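Per-entry structural report
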Amino acid sequence: MKVQDNQWLIPSLQKEFNTVSDMVNLYCHAHHDRQQSLCADCRQLIQYAETKLDRCPFGAEKPACKRCPIHCYKPAPKQTMKRVMRYSGPRMLLHHPIQAVQHLLKERQARPTMPPKGPSNWQLRRKKGH
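Residues numbered from 1 in each chain as written. Predicted model: local features only at pLDDT ≥ 70, side-chain atom pairs only at ≥ 80, totals over all residues. Heavy atoms only, no water.

A few words on the pattern of salt bridges. One pass over the structure, following the stated rule, counts two salt bridges. When the shortest N-O distance is used, the salt bridge between Glu16 and Lys106 registers 2.9 Å. Here the residue Glu16 occupies a position in helix H1 (residues 11–31), and Lys106 occupies one in helix H4 (residues 97–107), the gap between them amounting to 90 residues. Judged by its relative accessible area of 18%, Lys106 falls in the buried class. One salt-bridge network, held together by shared partners, links Glu16, Lys62 and Lys106. (Salt bridge = Lys/Arg side-chain N within 4 Å of Asp/Glu carboxyl O. Helix = DSSP H or I, 4+ residues; strand = E, 2+ residues; numbered from the N terminus. Buried < 20%, exposed > 50% of the residue type's maximum accessible area, 1.4 Å probe, protein only.)

Among the nonpolar cores identified, the biggest contains 22 residues, and Val24, Cys42, Met81 and Val84 are the most heavily contacted of them. Residue assignment for this core shows that the elements contributing at least two residues are H1, helix H2 (40–54) and helix H3 (75–95). It is H1 that provides the largest number of residues to this core, a total of eight residues. (Core = buried A, V, L, I, M, F, W, Y, C linked by side-chain atoms within 4.5 Å.)

Our next topic: the packing of aromatic side chains. Under the defined criterion, the tally for this structure stands at two aromatic pairs. Between Tyr27 and Tyr87 the ring centres are 6.0 Å apart and the planes differ by 75°, which places this aromatic pair in the edge-to-face class. Here the residue Tyr27 occupies a position in helix H1, and Tyr87 occupies one in helix H3, the gap between them amounting to 60 residues. Ring geometry for Tyr48 and Tyr73: centres 5.1 Å apart, planes at 85°, overall edge-to-face. With Tyr48 in helix H2 and Tyr73 in the loop between H2 and H3, this pair connects stretches of sequence that are 25 residues apart. It is Arg91 that lies over the ring of Tyr87; its NZ or CZ is 3.7 Å from the centre. (Phe/Tyr/Trp six-rings, centres within 6.5 Å; stacked < 30°, edge-to-face > 60°. Lys NZ or Arg CZ within 6 Å of the ring centre and 35° of its normal.)

Taken N-terminus to C-terminus, the directions of H1 and H2 make an angle of 165°; their axes are 10 Å apart at the nearest point. Accordingly, the angle class assigned to the pair H1 and H2 is roughly antiparallel. Crossing handedness for the pair H1 and H2: right-handed. Only Cys42, Leu45, Ile46, Ala49, Glu50 and Leu53 of H2 make contact with H1, whose side of the interface consists of Leu13, Glu16, Phe17, Val20, Ser21, Val24 and Cys28. (Axes fitted to C-alpha atoms, helices over the stretch in contact; angles between N-to-C directions. Parallel < 35°, antiparallel > 145°, perpendicular 65-115°, else oblique. Left-handed = near helix turned anticlockwise from the far one by under 90°. Contact = heavy atoms within 4.5 Å.)

Let's shift gears to H4. Since the α-helix turns once every 3.6 residues, residues separated by three or four places project in the same direction. Those residues of H4 lying buried are Gln99, Ala100, His103, Lys106 and Glu107. Around the axis of H4, the buried residues are gathered within 125° of arc, so they sit on the same side. Of the exposed residues in H4, the ones pointing more than 90 degrees away from its buried face are Ile98 and Leu105. Buried residues belonging to H4 abut H1 and H3. (Arc of directions from axis to C-beta.)

Given below as structure tokens:
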């Protein structure tokens, strides 16, 4: 099941969201015996990731989560996402090779120290009245 594009995320965050969604899809189909749709837990994890991406203080300059100095995930979803990424990461090279390589390159970028001055994607939307 392909998660539809989010109308609120800016393109760089949408790309990150698509990668996370595809990783969760791979994991759910393998571990939760789902063929067509995702289980409720995996759908909830994708929604949680979407919210965190939308509210990321780095906005368009968001680093890979692994390299981020701000740990925004709560402990339980963080552990679940680690499991998902540990399983799906190597398999992404077979199923979604371009996304996998782009994600690996992003992980190699320098670790940022502080978010740049400016609002998150969510704060920008609120200013525009969406």
